Amino acid sequence: MSQQIRRVAVIGAGTMGHGIAEVSALAGYEVVMVDVSQDILNKALERIKWSLDKLAERGTISKERVGEVMGRIKTSLSIAEAVRDADLMIEAVPEKLDLKKQVFAEADKYAPPHAILATNTSSLPITEIASATKRPDKVVGIHFFNPPVLMPLVEVIKGAQTSDETARRSYEFVKSLGKEPIMVNKDVPGFVVNRILIALNSAACLLVANNQYSVVEIDSAVKYRAGLPMGIFELQDFTGIDVGYLVGLAVAERDPMLRVPCPLLEDLYKKGWLGQKSGRGFYEYKGGPYERANIPREAGEKVDLTLIFAPAINMAAWLLRNGIASKEDIEKGVKLGLGWPKGVFEYADEFGIDKVVEALNQLYSRFGYELFKPDPLLTQMVQEGRLGRKSGRGFYEYGAAGTVEFKEIILRKEPPLAWIILNRPQRLNALTLTMLEELSRALDMLWDDKDVRVVIIRGAGDRAFSAGADVTSFTGPLHTYYFFLYNRKFQEAVSKIERFPKPVIAAINGYALGGGLEIALACDFRIATDTSELGQPEINLGIIPGAGGTQRLARIVGLGRAKELIMLGDRIKADEAYRIGLVNRVVPKERFEEEVRSFAMRLAQGPPIALTYAKYALNFGTQVPVDIGLLLEAAFFSMAVNTKDAQEGVMAFLTRRRPEFKGE
Ligand code: COA
């Protein structure tokens, strides 16, 4: 509990109000909830009781605590009475400025002088609300997300006259609730999280309205490629088209930067298609309001994600440059408030700041909205060469210190990822013994490196992953035994990938032939560009695959296909490779890095220990009789259950947040 605050008055017992009362009482505060009728108050108490019972059912709190927490919540029909000995008031009445001002004027009159008066508004100016009181220094925004009991994020917003002391005490209060506060230093419309959300929605909507993409394509892309928890349009259906439309109008009126009208939204609003709750919005919900939108995984492949995210990044840059919130708080805001797997600046660094600026210029010249004008912070970064990950520096530092140059490979560490680059581009990355030894050494270096969770192997340049063993070493009359030793060494390096305790991805950009394909076969996943060609052409040289091709290829594509590939020696195109299950994904060449990285990042967020066990159970458990395979599975299963990560996974599931796995 916060030291100076003991009693909290919550004005308004609706969706937000009752939730705020609940989390406050849960944290030990004495709460009085106020509304205009006893009926509403009784309903609010019922909802709180229901929610607490749910928490008890899930084991988040004990059964005894339900009664104890309920005992701390009183109700009243009078603001004057409720605030009389309150240390903090939180107002959560409907979003009408006059109404809020009335509440504040009355609370100001009856609350003790030290009391903080907070508003949970999401769209109205705090400074203006504060003007209804004689204590604007003690008026602050405390903006919870819906539902307060489950959403960890709370924005604390300073109005023009809010004192540092008030802001600090409010921040401490939020922390005492077990929530994660972020500090918004200036009362800008939409604060941090909704500003970024509005910006994210803007380009998506315009591009659909102009027939560049469809709703499903964009939603699929942001969900499956960028990893957002819901599609952009899916989320709007979920929160309600009316809510989005009306909030949009309200904030646009206050801020030209937020004037990005969405013609689609207006159309739906006028038709009364208000989203999930009315069975129809951007999507149709024939199976009732709880049906999920149908968004196929492959639908978003051609969407340019940089174009979709650029306005949100621009907004974030604007917030940062104007000192409205810190970089850390903005990142926390999108992660906890919107459930993004990464911060908005992390996305920016991955897309490349130059690409983001390019996308913004494109949007600006097409649509002319102020939001699309590249922020000076971004253009300055481009001028300074701070382009993001690819230049080692963007909003974050990546550092060349992570790069180790061997003779024929490069190892680049970009935690949580590491890239091993086969580096003989002029020879299409043909494999030599030196290269294989170096590959093996690089894997050893990464074996127990806690910073690295996923390894990606790719070829240098844009023509080949690897065109196979360097055939020049096959010429001349050499002893069989020498070849046997050479071959075993080759096999050993390749097998190390299979035994490597972390996921390994083969990122195939061009030819993956012979030994090159055999390296890729030992990896856990293969992602290929659409122009790639794969094959085991050894038979054409009068030899056969020697680094596991006869074994692993057959296991992946089946004996029949493997025989065709090995005994005819033909090269196949990426599409065909996808069709027979040889590659997991085919991606457009120009989005190669982005796609590989986003796939890898999804793995990197997984529980490292369980991923190792899963990999081993799959790789080795399938090579022995099924009884022994199952035994192996049982052993790994019981080991996984006993990790801290498993506890974290279950906890996160129960409290509906994204788990953070530490590999413990
Ligand atoms: N070993 C050694 N050098 C190789 C090589 C290999 N496996 N694959 C390609 N190269 C070299 C080529 O000799 C050429 O070198 P050069 O510029 O000094 O002449 C360079 O890489 C570029 O290859 P090139 O053949 O000119 O390119 P291309 O686009 O015409 O053809 C391939 C590309 C992959 C179809 C063709 O190079 C090929 O068939 N390579 C052999 C693949 C093979 O049989 N691998 C199995 C080996 S066990």
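Presented here is a report on the structure given in the accompanying data block. (Residues numbered from 1 in each chain as written. Predicted model: local features only at pLDDT ≥ 70, side-chain atom pairs only at ≥ 80, totals over all residues. Heavy atoms only, no water.)

### Observations regarding the overall build of the protein chain
For step 1, the next point in the chain: Along the protein chain, the regular secondary structure elements total 27 helices and 19 strands.
For step 2, the next point in the chain: For 664 residues, the compact-globule estimate of 2.2 N^0.38 gives 26 Å, and the C-alpha radius of gyration of the protein chain, at 29 Å, lies within 12% of that figure.
For step 3, the next point in the chain: Evaluated residue by residue, the protein chain yields a buried proportion of 55% over its 664 residues.
For step 4, the next point in the chain: Working note: accessible area of the protein chain is about 29,200 Å², and carbon and sulfur atoms make up 54% of it.
For step 5, the next point in the chain: Looking at charge distribution, the protein chain has the averaged site of its 84 positive side-chain charges lying 1 Å from that of its 83 negative ones. (Helix = DSSP H or I, 4+ residues; strand = E, 2+ residues; numbered from the N terminus. Rg over C-alpha atoms; globule rule 2.2 N^0.38 Å. Buried < 20%, exposed > 50% of the residue type's maximum accessible area, 1.4 Å probe, protein only. Areas by Shrake-Rupley, 256 points an atom, 1.4 Å probe, with all protein chains shown as cover. Lys, Arg positive; Asp, Glu negative; His and termini not counted. Charge placed at Lys NZ, Arg CZ, Asp CG, Glu CD.)

### Focus on the side chain of K327
For step 1, the next point in the chain: Relative to the helices and strands, K327 resides in helix α14 (residues 327-338).
For step 2, the next point in the chain: Notably, K327 is buried but unbridged: the nearest opposite-charge side chain belongs to E328, and the N-O separation is 4.9 Å.
For step 3, the next point in the chain: Dropping the residues within four chain positions of it, K327 is found in contact with L320, F345, F395 and Y396. (Salt bridge = Lys/Arg side-chain N within 4 Å of Asp/Glu carboxyl O. Contact = heavy atoms within 4.5 Å.)

### Considerations on the sheet that holds strand β17 (residues 533-535)
For step 1, the next point in the chain: Read across the open sheet, the four strands follow the order β13-β15-β17-β18; overall the sheet is mixed. Strand pairing shows two members of the sheet lacking a second neighbour, β13 (464-466) and β18 (571-573), which therefore form its edges. Taken pair by pair, the neighbouring strands of this sheet meet at an average axis angle of 20°, ignoring direction.
For step 2, the next point in the chain: Where β17 meets β18, three bridges bridge the pair, whose relative direction is antiparallel. By the bridge assignment, G535 is partnered in β18 with R571. (Pairing = 2+ DSSP bridges. Axes fitted to C-alpha atoms, helices over the stretch in contact; angles between N-to-C directions.)

### Points about helix α15 (residues 344-351)
For step 1, the next point in the chain: Burial of α15 is extensive: seven of the eight residues sit out of reach of the surface.
For step 2, the next point in the chain: Tucked into the core, α15 has its buried residues touching α8 (193-209), α13 (305-321), α14, α16 (353-367) and α24 (592-604).
For step 3, the next point in the chain: Once α15 finishes, G352 follows within two positions and takes phi at roughly 100°, a positive value.

### Here we look at the packing of aromatic side chains
For step 1, the next point in the chain: Tallying each qualifying case throughout the model produces 18 aromatic pairs.
For step 2, the next point in the chain: Here the aromatic rings of F309 and W340 are separated by 5.5 Å at their centres, their planes lie at 65°, and the arrangement is edge-to-face. Here F309, found in helix α13, pairs with W340, found in the loop between α14 and α15; they are 31 residues apart in sequence, far enough to count as distant.
For step 3, the next point in the chain: By relative accessible area, which is 0% here, F309 ends up buried.
For step 4, the next point in the chain: Taken together, the ring pairs in this structure connect F309, W340, Y347 and F351 into an aromatic cluster.
For step 5, the next point in the chain: Stacked on the ring of W273, the Lys or Arg K271 has its end atom at 4.5 Å from the ring centre. (Phe/Tyr/Trp six-rings, centres within 6.5 Å; stacked < 30°, edge-to-face > 60°. Lys NZ or Arg CZ within 6 Å of the ring centre and 35° of its normal.)

### Describing the sheet that holds strand β7 (residues 153-158)
For step 1, the next point in the chain: Strand order in the open sheet made by the eight strands is β3-β2-β1-β4-β5-β6-β7-β8, with mixed pairing throughout. Edge positions in the sheet fall to β3 (73-76) and β8 (180-184), since each of these pairs with one other strand and no more. Put simply, the sheet's adjacent strands are angled 25° from each other on average, direction ignored.
For step 2, the next point in the chain: For β7 and β8, the ladder comprises five bridges, and the chain directions are parallel. Within the sheet, the bridge partner assigned to E155 lies in β8 and is I182.

### Some remarks on helix α11 (residues 241-254)
For step 1, the next point in the chain: With 14 residues, α11 extends 20 Å between its outermost C-alpha atoms, agreeing within 8% with the 20 Å of an ideal straight helix rising 1.5 Å per residue.
For step 2, the next point in the chain: Listed as buried for α11 are I241, D242, Y245, V251 and A252.
For step 3, the next point in the chain: The elements touched by buried residues of α11 are α8, α10 (232-239) and α12 (263-271). (Expected span 1.5 Å × (residues − 1).)

### Let's talk about the site of the ligand
For step 1, the next point in the chain: The full set close to the ligand counts 17 residues, and R427, R463, A467, A469 and V471 are the nearest of them.
For step 2, the next point in the chain: Contacts to the ligand include R463, whose side-chain N or O atom sits 2.4 Å from an oxygen atom.
For step 3, the next point in the chain: Within the backbone of A467, a nitrogen or oxygen atom sits 2.9 Å from a nitrogen atom of the ligand.
For step 4, the next point in the chain: The residue inventory of the shell around the ligand, partitioned by class, reads 10 nonpolar, two polar and five charged. (Near = heavy atom within 4 Å. Polar contact = N/O pair within 3.5 Å; in protein donor to acceptor, adjacent residues only side chain to side chain. Nonpolar A, V, L, I, M, F, W, Y, C, P; charged D, E, K, R; others polar.)

### Description of the packing of helix α18 (residues 433-447) against helix α19 (residues 480-499)
For step 1, the next point in the chain: Where α18 meets α19, the closest approach of the two axes is 10 Å, and the angle between their N-to-C directions is 30°. Taken together, α18 and α19 sit at an angle that is classed as roughly parallel. Like other packed secondary-structure pairs, α18 and α19 cross with a definite hand, here left-handed. The segment α18 lies against α19, with L433, L436, E437, L439, S440, L443, D444 and W447 engaging Y486, K489, F490, A493, K496, I497 and R499.
For step 2, the next point in the chain: Counted by class, the contact of α18 with α19 contains nine nonpolar, one polar and five charged residues. (Parallel < 35°, antiparallel > 145°, perpendicular 65-115°, else oblique. Left-handed = near helix turned anticlockwise from the far one by under 90°.)

### Focus: the pairing of strand β2 (residues 30-34)
For step 1, the next point in the chain: For β2, a buried count of four out of five residues is recorded, marking the element as mostly surrounded by other parts of the structure.
For step 2, the next point in the chain: The pairing of strand β1 (residues 7-11) with β2 spans five bridges and is parallel. Counterpart to V8 in the pairing with β2 is V31.
For step 3, the next point in the chain: In terms of handedness, the path from β1 via helix α1 (residues 15-26) over to β2 forms a crossover that is right-handed.
For step 4, the next point in the chain: Summarising the sheet, β2 and β3 pair through four bridges and their orientation is parallel. The residue of β3 that forms the bridge with V34 is S76. (Right-handed = clockwise from strand over helix to strand, strands pointing away.)

By themselves, these figures tell us nothing about what the structure is for.
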